[in-house]
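Structural overview
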Amino acid sequence: MSDDEHHFESKADSGASKTYPQQAGTIRKNGYIVIKGRACKVVEVSTSKTGKHGHAKCHFVAIDIFNGKKLEDIVPSSHNSDVPHVNRTDYQLIDISEDGFVSLLTENGNTKDDLRLPTDDALLSQIKDGFAEGKDLVVSVMSAMGEEQICGLKDIGPK
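Just so it is clear, the structure is predicted and the values come from calculations on it, not from any experiment.

1. Some details on the overall build of the protein
Across its full length, the protein carries 1 helix and 11 strands. Counting helices and strands in the order they occur from the N terminus, the protein gives β-β-β-β-β-β-β-β-β-α-β-β. Burial status across the protein gives 32% buried among its 159 residues. The long-range fraction of contacts in the protein, counting pairs at least 24 apart against all pairs at least 6 apart in sequence, stands at 48%. Within the structure as shown, the protein displays about 10,600 Å² of accessible surface, and the carbon and sulfur contribution to it stands at 48%.

Right, here's the structure in full:
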């Protein structure tokens, strides 16, 4: 052994994985799965029985949680699939800028200014109308695999 010191490159993230493995046969409807590198919510699962040479297969139909696109995948039920860590956090809405970004208040009192308004028209109009009326709004932000998007809205009364 040598007495040389080891130098490691520091990375900005905590090193926590964006996904975790789960056996495909145990993933159920309304669960989450990664298909083609996108975090998706499973809407349908069907399992075929084993064929002449082996594995039962799971056919997943899932919807991308960020853009709403339908994706499908077929995986042997005994193999592992990636499942994203999906988090939902509520933030209080402070401001909406002209360029489509929102300013949110985090629980520890800091502001978060890197989120865009949602692309969903109904949710977008609810947020804009509620903010224009001066209501106190709390938005739900869903985050998975390094992406974040506003996915819900709560009205906690007038300011």
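2. Overview of the sheet that holds strand β5 (residues 70-76)
Read across the sheet, 4 strands follow the order β2-β3-β4-β5 without closing on themselves; strand pairing throughout is antiparallel. Of all the strands in the sheet, just β2 (32-35) and β5 have a single pairing partner and so form its edges. Taking the axes of each pair of neighbouring strands and ignoring which way they run, one obtains an average angle of 45° across the sheet. Alignment of strand β4 (residues 57-64) against β5, held across 7 bridges, turns out to be antiparallel. Across the sheet, the residue bridging to Cys 58 is Val 75, located in β5.

3. Focus on the nonpolar core
The biggest cluster of nonpolar side chains holds 13 residues, and the ones touching the most others in it are Leu 93, Val 102, Leu 104, Ile 127, Val 139, Val 141 and Ile 150. Listing elements by their share of this core, those giving two or more residues are β7 (86-96), β8 (101-105), α1 (121-132) and β10 (135-144). Setting aside residues no more than four positions away along its own chain, Val 139 makes contact with Thr 89, Asp 90, Tyr 91, Leu 104, Ile 127, Ile 150, Gly 152 and Leu 153. If you look at the next biggest cluster of nonpolar residues, it comprises 12 residues, including Ala 24, Ile 27, Ala 62 and Leu 71.

4. Considerations on α1
Taking 1.5 Å as the rise per residue, α1 with 12 residues should run 16 Å; its terminal C-alpha atoms sit 16 Å apart, in good agreement. Downstream of α1 by one or two residues, Gly 134 has phi in the positive range, about 80°.

5. Things to note about the pattern of salt bridges
Any two side chains of opposite charge can pair, on the condition that their charged atoms come close. Counted according to the given criterion, the structure contains 6 salt bridges. The partner of Lys 112 in a salt bridge is Glu 148, and the shortest N-O contact between them spans 3.0 Å. On the criterion of sequence distance, the pair formed by Lys 112 in strand β9 (residues 111-116) and Glu 148 in strand β11 (residues 147-158) is long-range, its members being 36 residues apart. Residue Lys 112 is classed as buried on the basis of its relative accessible area of 14%. With a relative accessible area of 34%, Glu 148 lands in the partly exposed category.

6. Comments concerning unusual backbone geometry
Residue Lys 36 is not a glycine yet carries a positive backbone phi of 50°. The residue Lys 36 is located in the loop between β2 and β3 (38-48) in this model. Positive phi is not limited to glycine here, since Met 145 has a value of about 55°. By secondary structure assignment, the location of Met 145 is in the loop between β10 and β11.

7. Focus on the side chain of Ser 81
Position of Ser 81 among the secondary structure elements: in strand β6 (residues 80-84). When neighbours within four sequence positions are excluded, Ser 81 is seen to be in contact with Tyr 20, Pro 21, Gln 22, Ala 24, Ile 27, Ile 33 and Val 75.

8. A short note on the pairing of β4
Side-chain positions along a regular strand alternate between the two faces of the sheet. Bridge count between β3 and β4: 8 bridges; the pairing is antiparallel. Across the sheet, residue Lys 41 finds its bridge partner in β4, namely Ile 63. The hairpin turn running from β4 into β5, its antiparallel successor, is 5 residues long, and Gly 68 in that turn takes a positive phi close to 75°.

9. As for the side chain of Thr 19
Following the sequence through the fold, Thr 19 ends up in strand β1 (residues 19-23). Once you skip the residues sitting within four places of it in the chain, Thr 19 turns out to touch Val 34, Asp 82, Val 83, Pro 84, His 85 and Met 145.

10. Notes on a negative patch on the surface
There is a patch of like negative charges on the surface, built from Asp 95, Glu 98, Asp 99 and Asp 113. Looking at the secondary structure, you find Glu 98 in the loop between β7 and β8.

Reading guide: rules and limits
Residues numbered from 1 in each chain as written. Predicted model: local features only at pLDDT ≥ 70, side-chain atom pairs only at ≥ 80, totals over all residues. Heavy atoms only, no water. Helix = DSSP H or I, 4+ residues; strand = E, 2+ residues; numbered from the N terminus. Buried < 20%, exposed > 50% of the residue type's maximum accessible area, 1.4 Å probe, protein only. Contact = heavy atoms within 4.5 Å. Areas by Shrake-Rupley, 256 points an atom, 1.4 Å probe, with all protein chains shown as cover. Pairing = 2+ DSSP bridges. Axes fitted to C-alpha atoms, helices over the stretch in contact; angles between N-to-C directions. Core = buried A, V, L, I, M, F, W, Y, C linked by side-chain atoms within 4.5 Å. Expected span 1.5 Å × (residues − 1). Salt bridge = Lys/Arg side-chain N within 4 Å of Asp/Glu carboxyl O. Patch = residues over 30% accessible without salt bridge, like charges linked within 9 Å, V, L, I, M, F, W, Y side chains within 5 Å. Lys, Arg positive; Asp, Glu negative; His and termini not counted. Charge placed at Lys NZ, Arg CZ, Asp CG, Glu CD.

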